[in-house]
Amino acid sequence: MTITLTDTQTPIAFDQVTTILKDAGIPSLAQASIRELVALVNRIETATDQSFIRMEMGVPGLPAPSIGIDAEIAALKSGVASKYPMLEGIPSLKNEISRFCSLFMNVNVSPTGCFPTVGSAQGALASFLVGNRTKENGATLFIDPGFPNQKRQLDMIGQTWGSFDVYRHRGAALRPELEKHLSSGKYATLLYSNPNNPAWICFNEEELQIIADVAGRYNVIVIEDLAYFGMDYREDYTLPGQAPYQPSIAHYTDQYILLISSSKVFSYAGQRVASLVISDALFQQDFPTLKTNFGQTQFGKAFTFGAMGGLSAGVTHSTQYGLAAMLKAANDGELPFLDLTKVYEKRAAIMKALFVEHGFDIVYAEDNGKALSDGFYFTFSYPGMDGDTLLEALLYHGISAISLTNTGSERREGARACVSQVRDEQLADLATRLAAFQHRFSQA
C-alpha cells in the first residue's frame, strides 16, 4: 500500500513529519534500531509540539520503589562512592539473588554464581563472550521473536548467530526444529525470553523440558532472559516460597545462565543493574577453549576475571545496595513487586481492544491454543500493510512502535507495541488517532 496523505488528513503535521523522515536518512523503518526510532520520534515531537503515543521502547512506566533509592542514598553517605566494588558483587546482593531464585523460582543456586551486571545488556554480552568460547567458533541460536539488541551485540564482537520464529513450532513441534538447528554442532549457546519480547508468549513445562533435552544432547548452554519475570498474569507468582513458581529452564538442566532484569519488575531501569545467575555445575565446569581468551579454563573464573573484569571495573557500588534492598524486601514478602506491575496487564487489555476495534489485527494472538496473556507488550498489524508502511503511517498519526521484522519474526507485516509509557489519560487520544488511521486506510 502506498501512502498518499495530506496535512488535512493526519493528526500530526504532514509536511513536518515528511521533512524529518527525509532528513533522518533511515533506509527502512522496519530495520531501524529502537534507539534510532526513539530519536526520530523525539525530533517529530519537538518540531510539532505534539505528544506521541509512545510504544517503541520498553521502559517502565512506574516509579522506582523508595526501598531501593533509600538504600542507595545510605550507601553513598557511608562512603561507597570512593571504593571500587568487587567484580563478583557485594555479598548481601549475591545472597539475596540466591534467595530470590529459591523463593520465586524454586531453584537452588549458590551465591557464588550470582552476579550483578550493568543491566541485562551487560549480562547478555558477558554470557556471549564466555559461553560461545566453550566451543571453537561457537555461535548463538535465538528462539525468536526476540530483543534485537542481543543480535547486534554478537555482530559487534564478531560472533555468529542463527534463529527461527517459534510460533509455528510450539509444544511437541519444538523438538524437531531445535534438533534441526542444534545438530549442526556450531551452537554453543541458545537464548530466548520468557515471557517473550515481543510476542508475550510463554513457554510451558513441556517446552522447557524439550529445550533442556535437546540442548543437553548437543552441549549447548541455555541463556534464559527473564526480563519480564513473573509477568505472565495468568498465574500468580507473587508469593515468595509458595507455588506456582516462575517457569524456568533451571528445573530441567544444570547448564544454564539466567538474566533477571530489574528494569521492568522493579522499575529500576535508570540505575542499570540486573542479576545474572550461573548454575553451580556450569560455574565449576572446565572448558579448555576458554584458556586462550581468558587465561582460565573454569567457566566461573573466566566469567568473573575475564568477561566481567574486561567489560568494567564492577557494577556501580551504590546500585548494588539498592537492588539488594529491593530483593530482600521482595524475598521477605514486604515488596509486592508483581502486584505493582499489574497496571500493565489492565492497560494492555484496553489498548488491544482499541486496536482491534479500529481494524487492526493482533499478530501473536494465541499461546499454545490458549488466550495470550495481557502484559508489557502486544503485537499488531493492519490489513494490506508491510512493516515499513505501517510504521510510517503510524508516525503521521502520532503513534510510534517497532516492526516485528526487527525482532526476528516471520510476520513481516506486524509491529510491537509496549504499553508502559502510555498514560491512562492518553487512551482517549489513542482511540481518536486510531479512528483517523482507520478512516484513511479503510478507504485506500
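Residues numbered from 1 in each chain as written. Predicted model: local features only at pLDDT ≥ 70, side-chain atom pairs only at ≥ 80, totals over all residues. Heavy atoms only, no water.

The full count for this structure, using the stated rule, is 28 aromatic pairs. Summarising the aromatic geometry, the rings of F142 and W161 are spaced 6.0 Å apart at their centres and angled 85 degrees between planes, so their arrangement reads as edge-to-face. Remark: W161 occurs in strand β4 (residues 161-165) and F142 occurs in strand β3 (residues 139-144); sequence separation between them is 19 residues. A centroid spacing of 5.8 Å and a plane angle of 75 degrees characterise the contact between F360 and F380, whose relative ring orientation is edge-to-face. Of the two residues, F360 sits in the loop between α14 (343-357) and β9 (361-362) while F380 sits in strand β12 (residues 377-381), which places them 20 residues apart along the sequence. Neither F360 nor F380 differs from the other in exposure class; each is buried. Linked through ring pairs, F355, F360, F378, F380, Y382, F437 and F441 together constitute an aromatic cluster. Sitting over the face of the ring of W161, K151 holds its NZ or CZ atom 5.5 Å from the ring centroid. (Phe/Tyr/Trp six-rings, centres within 6.5 Å; stacked < 30°, edge-to-face > 60°. Helix = DSSP H or I, 4+ residues; strand = E, 2+ residues; numbered from the N terminus. Buried < 20%, exposed > 50% of the residue type's maximum accessible area, 1.4 Å probe, protein only. Lys NZ or Arg CZ within 6 Å of the ring centre and 35° of its normal.)

This part is about the packing of helix α4 (residues 91-105) against helix α12 (residues 317-331). Two numbers describe a pair of packed helices, the interaxial angle and the distance between the axes. It is at 9 Å that the axes of α4 and α12 come closest, and there the two elements cross at 30 degrees. The handedness of the crossing between α4 and α12 comes out as left-handed. Only Q320, L323, A324, L327, K328, A330 and N331 of α12 make contact with α4, whose side of the interface consists of S92, L93, E96, I97, R99, F100, L103 and F104. Its residues placed into classes, the contact of α4 with α12 shows 9 nonpolar, 3 polar and 3 charged. (Axes fitted to C-alpha atoms, helices over the stretch in contact; angles between N-to-C directions. Left-handed = near helix turned anticlockwise from the far one by under 90°. Contact = heavy atoms within 4.5 Å. Nonpolar A, V, L, I, M, F, W, Y, C, P; charged D, E, K, R; others polar.)

Here the focus is the pattern of salt bridges. Applying the stated criterion to the full structure yields 20 salt bridges. Of the charged contacts in the structure, one is a salt bridge between R170 and E207, with a shortest N-O distance of 2.8 Å. With R170 in the loop between β4 and α7 (174-182) and E207 in helix α8 (residues 205-217), this residue pair connects regions lying 37 residues apart in the sequence. Neither residue differs from the other here; R170 and E207 are each classed as buried. With its nearest N and O atoms 3.4 Å apart, the salt bridge here joins K180 to E177. Remark: E177 and K180 occur in helix α7; sequence separation between them is 3 residues, near one turn of the helix. Take K180: its relative accessible area is 54%, and that puts it in the exposed class. Taken together, the shared-partner salt bridges in this structure form one network comprising R170, E207, D232, R234 and D367. (Salt bridge = Lys/Arg side-chain N within 4 Å of Asp/Glu carboxyl O.)

Before going further, it helps to examine unusual backbone geometry. The amide bond that connects D144 to the next residue, P145, takes the cis arrangement and shows omega of 5 degrees. Along the chain, P145 falls in the loop between β3 and α6 (148-156). Put simply, N194 and P195 share a cis peptide bond, and its omega is 0 degrees. Here P195 lies in the loop between β5 (187-193) and α8. Although it is not a glycine, N106 sits at a positive phi angle of roughly 60 degrees. Structurally, N106 is set in the loop between α4 and β2 (114-117). Residue classification places N106 among the partly exposed residues on the basis of a relative accessible area of 47%.

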